[in-house]
Amino acid sequence: MNWKVLTAGLAVAVPLVAVLAAGFGRDPKLRSNALEGKTAPQFSLKTLDGDPFSLEAAQGKPVVINFWSTWCQPCKIEHPVLMSAAETYGPLGVHFVAVLYQDEAHKAQAFLNRSGSHWPTLEDPGGRTAIAYGVAGVPETFFVDANGTIVRKVSGPVSQEIMVSTLEQML
Amino acid sequence: MITLLLFCFSLNADAAGPLPATAETVAELSSVELPEPPLEDPPDAATAASRTKQLQSDLRCPVCQGLSVGDSPSDAARAMAQRIEELVQQGYTEDQITSYFVERYGAWVELEPPSGQHQALFWAPIGAVGLGLLGIAAFGRRKKEQPSSAVAYTPDPGLEPWRARILAELDGDA
């Protein structure tokens, strides 16, 4: 056996295979949940009804912040999960709040009139709150614990299992 | 599901509805706490425009494929572009604004990640290959430089008569 050729082959192949293996192991489109473990950015916005809402008011309680739009089909698929969770965990002290993303208030109101809502929906003029949370598409949901720390960010519709398991951990 | 998400993004990118655009309107309706105050005084209009343009070119549109905030027509990019402009006008430096977006979107949001960070992942395998090749070259060179005497000569007994005859002939020639 030619050890020199074998060694040279391994020297080139092993690092390349390692890099490729690391690359194949993750989705290149997957973005980091950069805010997980950090303090949730504070914001003050108005609800669709014009009432003021401040995240600070929910201090000391777990909060679920859901960014959504009416033009987003997965958001509509996710809606029953939020409804169910709000019915179950709202009385236990969890605050639910929705932030409208790149959408018009009257469309959101019409959808909520049809589908129901147990939480305030906030307008986000200029998308500044969405930017503060690093939202790159909807739906995105942030679970904020009673200390104000983002414990989990879910990109895409939240499943019933993830919703329940995350809220159980936060309570 | 991925198709549905892409559907969402594409709809968003194509949506033509105007954003609530002016800074005054935004300030009246909402506020978002920033992690730190601006490090500089508000710049003059020309400086602000130049900084804004540069940052909009350096930061990635979050809903596009490889497009900068400045190059994308999507609503999400326009919102980011507007936010960048607001922060520049308030006196936030380029580093502060870049950090603000990186903290929220990750290093991915920079079209060209800064040198020194995350570069090790790229250079480590290349360095490993280089070191391997250098090792092989050094090994080969050392073998080549070894003196021939290092290999012990073990005469074949069957060839001994021939060897003696050659030596005798050489002696005769001399």
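Our structure's up above, just so we're on the same page.
The rules behind the values
- Residues numbered from 1 in each chain as written.
- Chains lettered and ligands numbered in written order.
- Predicted model: local features only at pLDDT ≥ 70, side-chain atom pairs only at ≥ 80, totals over all residues.
- Heavy atoms only, no water.
- Patch = residues over 30% accessible without salt bridge, like charges linked within 9 Å, V, L, I, M, F, W, Y side chains within 5 Å.
- Areas by Shrake-Rupley, 256 points an atom, 1.4 Å probe, with all protein chains shown as cover.
- Salt bridge = Lys/Arg side-chain N within 4 Å of Asp/Glu carboxyl O.
- Helix = DSSP H or I, 4+ residues; strand = E, 2+ residues; numbered from the N terminus.
- Buried < 20%, exposed > 50% of the residue type's maximum accessible area, 1.4 Å probe, protein only.
- Arc of directions from axis to C-beta.
- Contact = heavy atoms within 4.5 Å.
- Pairing = 2+ DSSP bridges.
- Disulfide = S-S within 2.5 Å.
- Phe/Tyr/Trp six-rings, centres within 6.5 Å; stacked < 30°, edge-to-face > 60°.
- Axes fitted to C-alpha atoms, helices over the stretch in contact; angles between N-to-C directions.
- Parallel < 35°, antiparallel > 145°, perpendicular 65-115°, else oblique.
- Left-handed = near helix turned anticlockwise from the far one by under 90°.

Q: Go over a nonpolar patch on the surface, please, and point to the residues and values.
A: Together, W3(A), L6(A), L10(A) and V14(A) make up a nonpolar patch on the protein surface, roughly 410 Å² of accessible area in all. Looking at the secondary structure, you find V14(A) in helix α1 (residues 3–24).

Q: Account for helix α5 (residues 160–170) of chain A, with residues named and values stated.
A: Residue and element names in this part refer to chain A. All buried positions along α5 are accounted for by M163, T166, L167 and M170. Taken end-on, α5 shows its buried residues confined to a sector of 95 degrees, consistent with a single buried face. Those residues of α5 that are exposed and angled more than 90 degrees off the buried face are E161 and Q169. As for α5, its buried residues are in contact with β3 (63–68), α2 (73–89), β4 (95–100), β6 (140–144) and β7 (150–155).

Q: Please provide a residue-by-residue account of the environment of G37(A), values included.
A: All names here are of chain A. If you trace the backbone, G37 turns up in the loop between α1 and β1 (43–47). It is 31 Å that separates the C-alpha atoms of G37 and A105, two residues lying 68 residues apart in sequence. When residues no more than four places from it in sequence are discounted, the contact partners of G37 are T149 and I150.

Q: Would you mind going over the pairing of β6(A) in detail, with residue names and values included?
A: All names here are of chain A. Judged by how many residues are buried, β6 sits mostly within the fold: 5 of 5 residues are covered. Neither face of β6 is left uncovered, since the one carrying E140, F142 and V144 and the one carrying T141 and F143 both have all their residues buried. With 5 bridges joining them, β6 and β7 adopt antiparallel strand pairing. The partner of V144 across the bridge, within β7, is I150.

Q: I'd like a rundown of the state of the cysteines, residues and numbers included.
A: Tallied over the entire structure, the rule returns 2 disulfides over all chains. Between the sulfur of C72(A) and that of C75(A) lies a disulfide, 2.3 Å long from S to S. Judged by the sign of its S-S torsion, about 90 degrees, the cystine formed by C72(A) and C75(A) is right-handed. As far as burial versus exposure is concerned, C72(A) and C75(A) are alike and both buried. With a sulfur-sulfur separation of 2.1 Å, C61(B) is cross-linked through a disulfide to C64(B). On the sign convention where negative is left-handed, the bridge of C61(B) and C64(B), at about 60 degrees about the S-S bond, is right-handed. A single burial state applies to C61(B) and to C64(B), both of which are buried.

Q: Give me the pattern of salt bridges: which residues, what numbers.
A: Inspection of the entire model under this criterion finds 9 salt bridges over all chains. Between R128(A) and E86(B) there is a salt bridge; the shortest N-O distance is 3.0 Å. Of this pair, R128(A) sits in helix α4 (residues 128–132) while E86(B) is found in helix α4 (residues 75–90), placing the two residues in two different chains. Comparing R128(A) with E86(B) shows no difference in burial state: the two are buried. One salt bridge connects K153(A) with E140(A), and the closest N-O pair in it is separated by 3.4 Å. A residue pair is termed long-range when its members are at least 10 positions apart, and K153(A) in strand β7 and E140(A) in strand β6 qualify at 13 residues. Residue classification places E140(A) among the buried positions, given a relative accessible area of 4%.

Q: So what about the packing of aromatic side chains? Which residues, and what values?
A: Residue and element names in this part refer to chain A. Within this structure, the stated rule accounts for 9 aromatic pairs over all chains. On the numbers, 5.6 Å between centres and 50 degrees between planes, the contact of F67 with Y133 is tilted. With F67 in strand β3 and Y133 in the loop between α4 and β6, this residue pair connects regions lying 66 residues apart in the sequence. For the residue pair F67 and Y133, the accessibility class agrees, reading buried in each case.

Q: Residues and numbers for the packing of α2(A) against helix α3 (residues 105–115) of chain A, please.
A: Residue and element names in this part refer to chain A. Interhelical geometry of α2 versus α3 gives an angle of 55 degrees and a closest axis separation of 12 Å. Judged by the inter-axis angle, α2 sits oblique to α3. Crossing angle aside, the handedness with which α2 passes α3 is right-handed. Counting all contacts with α2, which are made through K76, H79 and M83, the residues of α3 involved are F111, L112 and S115.

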